[in-house]
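# Structure assessment
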Amino acid sequence: ILGRIADSLKAKGHIVDTISIDSKATALQGTPNLASSPFVLSRFGVSRFNLGASSNNMESHITAMNEATVPESGVFGDFWSESLVKSLSQNNFMYEILSGSVTNTSFP
C-alpha cells in the first residue's frame, strides 16, 4: 500500500523514496517495473564503503571503470555496473546523512 502511495506522489511531481530497516517490506513495494526498489538500511547504520582501500581514490576508479560501457559490454554487464554505481552512490549519500546523526531514544 505505501509503495503505491509513493508511486502516486511521484506521478504528481513529488520527490519520494522508500526506506526499510533490515529487510524489504512488502508494504513498500510499488507498481512492478515502474517503482524504484525500497532502500534497505541496516538497523546498525551505514558503514563507509571499502575502509581499507589500497588507494585514496579507489572508489572513483571503480566508478569510472563501471560507467564506461561500449555496445559490446552486454546487457548483464551493463546492469551489474549500473547497480554497483547506484549502490556506491546510495552508500555515500546515506553515510554522509547518518554519520553525524544522534538519537536520544533507544529502539528495541
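Now for a description of the structure that goes with this document. Worth saying up front: this structure is predicted, and the values here are computed from it rather than measured.

## Points about the overall build of the protein chain
Counting its secondary structure elements, the protein chain contains three helices and two strands. On C-alpha atoms alone, the protein chain measures out to a radius of gyration of 17 Å, which is more than a quarter above the 13 Å that the 2.2 N^0.38 rule sets for 108 residues. Taking the principal axes of the C-alpha coordinates as reference, the protein chain spans close to 40 × 35 × 25 Å. Across the 108 residues that make up the protein chain, the buried fraction comes to 16%. Nonlocal contacts in the protein chain, meaning residues at least 24 apart in sequence, comprise 45% of its contacts between residues at least 6 apart.

## Some details on the pattern of salt bridges
Under the counting rule described, the total for this entry stands at two salt bridges. Of the charged contacts in the structure, one is a salt bridge between aspartate 22 and arginine 43, with a shortest N-O distance of 2.4 Å. One end of the pair, aspartate 22, is in the loop between β1 (19-21) and β2 (39-41); the other, arginine 43, is in the loop between β2 and α2 (58-67), and 21 residues separate them in sequence. On the basis of relative accessible area, aspartate 22 is assigned to the partly exposed category, the value being 35%. Two residues, arginine 48 and glutamate 96, come together in a salt bridge whose shortest N-O distance is 2.7 Å.

## Some remarks on α2
Within α2, burial applies to Ile62, Thr63 and Asn66. Down the axis of α2, the sector holding all buried residues measures 95 degrees, keeping them to one side.

## Observations concerning the side chain of threonine 63
Here threonine 63 is to be found in helix α2. Apart from the residues within four sequence positions on either side, threonine 63 is in contact with Val85 and Leu88.

Cut-offs used in this document
- Residues numbered from 1 in each chain as written.
- Predicted model: local features only at pLDDT ≥ 70, side-chain atom pairs only at ≥ 80, totals over all residues.
- Heavy atoms only, no water.
- Helix = DSSP H or I, 4+ residues; strand = E, 2+ residues; numbered from the N terminus.
- Rg over C-alpha atoms; globule rule 2.2 N^0.38 Å.
- Buried < 20%, exposed > 50% of the residue type's maximum accessible area, 1.4 Å probe, protein only.
- Contact = heavy atoms within 4.5 Å.
- Salt bridge = Lys/Arg side-chain N within 4 Å of Asp/Glu carboxyl O.
- Arc of directions from axis to C-beta.

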